[in-house]
Amino acid sequence: MPILSRGDKFVFGQSLPQIIEFLGINESGGPALSPAELVARLDKFLTAALELIPMMPYERLGTFVPGRPRSYRTLAFHLFRVIDAFLDANEGITLVQEMFREEPAADAGADTLLAYGEKVRRRFGDWWSKGDTSPAKALQTYYGPQSLHELMERTTWHSGQHVRQYMMLLEKEGVSHHRPLVAGDFAKLPMPQNVWDG
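On a predicted model such as this, the values are computed, not experimentally measured, just so you know.

**Remarks on the overall build of the protein chain**
Then comes step 1: The helix and strand tally for the protein chain stands at 5 helices and 4 strands.
Then comes step 2: Reading the protein chain from its N terminus to its C terminus gives the helix and strand order β-β-α-α-α-α-β-β-α.
Then comes step 3: The burial tally for the protein chain puts 49% of its 198 residues in the buried class.
Then comes step 4: Within the protein chain, residue pairs in contact and separated by at least 24 positions form 69% of the contacts whose partners lie at least 6 positions apart.
Then comes step 5: Accessible area for the protein chain stands at about 10,100 Å²; split by element, carbon and sulfur atoms hold 53% of it.

**Details of the packing of helix 2 (residues 35-52) against helix 3 (residues 72-90)**
The geometry of a pair of packed helices is captured by two quantities: the angle between their axes and the separation between those axes.
Then comes step 1: It is at 11 Å that the axes of helix 2 and helix 3 come closest, and there the two elements cross at 150°. The angle between helix 2 and helix 3 falls in the class roughly antiparallel. For the element pair helix 2 and helix 3, the recorded crossing hand is left-handed. When helix 2 is examined against helix 3, the residues L42, L46, A49 and L50 are found in contact with a partner set consisting of L79, F80 and I83.
Then comes step 2: Looking at side-chain class alone, the contact of helix 2 with helix 3 contains 7 nonpolar, no polar and no charged residues.

**Some points on the packing of aromatic side chains**
Then comes step 1: Counted according to the given criterion, the structure contains 8 aromatic pairs.
Then comes step 2: Summarising the aromatic geometry, the rings of F80 and Y116 are spaced 6.3 Å apart at their centres and angled 85° between planes, so their arrangement reads as edge-to-face. With F80 in helix 3 and Y116 in helix 4 (residues 110-130), the pair connects residues that are 36 residues apart, well separated along the chain. Each member of the pair, F80 as well as Y116, carries the same accessibility label: buried.
Then comes step 3: A connected cluster of aromatic rings, assembled from ring pairs, spans F86, F124, W127 and W128.
Then comes step 4: One residue, R164, lies across the ring of F186, its end atom 5.7 Å from the ring centre.

**Points about the side chain of T155**
Then comes step 1: Take T155: it is sitting in helix 5 (residues 148-172).
Then comes step 2: For T155, a relative accessible area of 5% corresponds to the buried category.
Then comes step 3: One polar contact links the side chain of T155 to the main-chain carbonyl oxygen of L151, over a distance of 2.8 Å.
Then comes step 4: Filtering out sequence-adjacent residues up to four positions away, T155 remains in contact with L42, V82, I83 and F86.

**Brief notes about the environment of F77**
Then comes step 1: Following the sequence through the fold, F77 ends up in helix 3.
Then comes step 2: Residue F77 is classed as buried on the basis of its relative accessible area, which comes to 10%.
Then comes step 3: The sequence separation of F77 and E102 amounts to 25 residues, and the corresponding C-alpha distance is 8.6 Å.
Then comes step 4: Excluding anything up to four places from it in sequence, F77 contacts E102, E103, P104, L113 and Y116.

**Quick notes on the packing of helix 3 against helix 5**
Then comes step 1: As a packed pair, helix 3 and helix 5 sit with axes 10 Å apart at the nearest point and diverge in direction by 170°. Here helix 5 runs roughly antiparallel to helix 3, going by the angle between their axes. Of the residues in helix 5, those touching helix 3 at Y72, L75, A76, H78, L79, V82, I83, F86, A89 and N90 are L148, L151, M152, T155, H158, S159, H162, V163, Q165, Y166, L169 and K172.
Then comes step 2: For the contact of helix 3 with helix 5, the class distribution of residues is 14 nonpolar, 7 polar and 1 charged.

Reading the values: the criteria
- Residues numbered from 1 in each chain as written.
- Predicted model: local features only at pLDDT ≥ 70, side-chain atom pairs only at ≥ 80, totals over all residues.
- Heavy atoms only, no water.
- Helix = DSSP H or I, 4+ residues; strand = E, 2+ residues; numbered from the N terminus.
- Buried < 20%, exposed > 50% of the residue type's maximum accessible area, 1.4 Å probe, protein only.
- Contact = heavy atoms within 4.5 Å.
- Areas by Shrake-Rupley, 256 points an atom, 1.4 Å probe, with all protein chains shown as cover.
- Axes fitted to C-alpha atoms, helices over the stretch in contact; angles between N-to-C directions.
- Parallel < 35°, antiparallel > 145°, perpendicular 65-115°, else oblique.
- Left-handed = near helix turned anticlockwise from the far one by under 90°.
- Nonpolar A, V, L, I, M, F, W, Y, C, P; charged D, E, K, R; others polar.
- Phe/Tyr/Trp six-rings, centres within 6.5 Å; stacked < 30°, edge-to-face > 60°.
- Lys NZ or Arg CZ within 6 Å of the ring centre and 35° of its normal.
- Polar contact = N/O pair within 3.5 Å; in protein donor to acceptor, adjacent residues only side chain to side chain.

Put into C-alpha cells, the structure is as follows:
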C-alpha cells in the first residue's frame, strides 16, 4: 500500500486531494470529470470488458498476469468487483482492501465472469438512476472518508486500468481484437502511466 510520510506523520497514497493537502501544495486535486462524465466513461469500460473477456481462451484463464500472482480469471472478476465495492460503499459499508481480494471460483469461465459483470452493470445503472448520487456524499474507506465524486473517479480509472491490461493480455496470447478503448478514453483520469506495475 502506498504511504507518504514526513517526520511522524503519514497519509495513505490513495487520494490525490489528501496527498496535496499533506504536502501543502497549492493545487487543485479534485476530479476533472463530472459524475455524469464518469458514469459515461465507466459504462464504456464495462462495455469493453464484457466484449473482451469472452475472447480469452478458457485454458489461459489460470495464467498469471505480468509481475504478480493474479490470474487472468481473477483480473476479469476484479475489474467488476472494484465497481461492486464502490456500490457497497454507497450503501454504508466501509470500503476495505479485503473487498478487492475476493476471487471467482477456481474453474470460472467466461459465462460466469460475464454474468457477474452484467449483474454489476445493472446494479450500477439502478444506483445512478435511483440512488443518492450527491457528489459531496461522504463514503467510508480504509484510507479515510472520501466524497462520492472522488471515490467514483478512483473506481472509474481503477476499473479502466484493468480493462486496458486485459486488452494487452489478449494481444500477448495472440488474440486479435479491435481495441475498443484508445488513449482518449482515459483522458482527464489520473491513470497510471504504465499498464503494469513497476
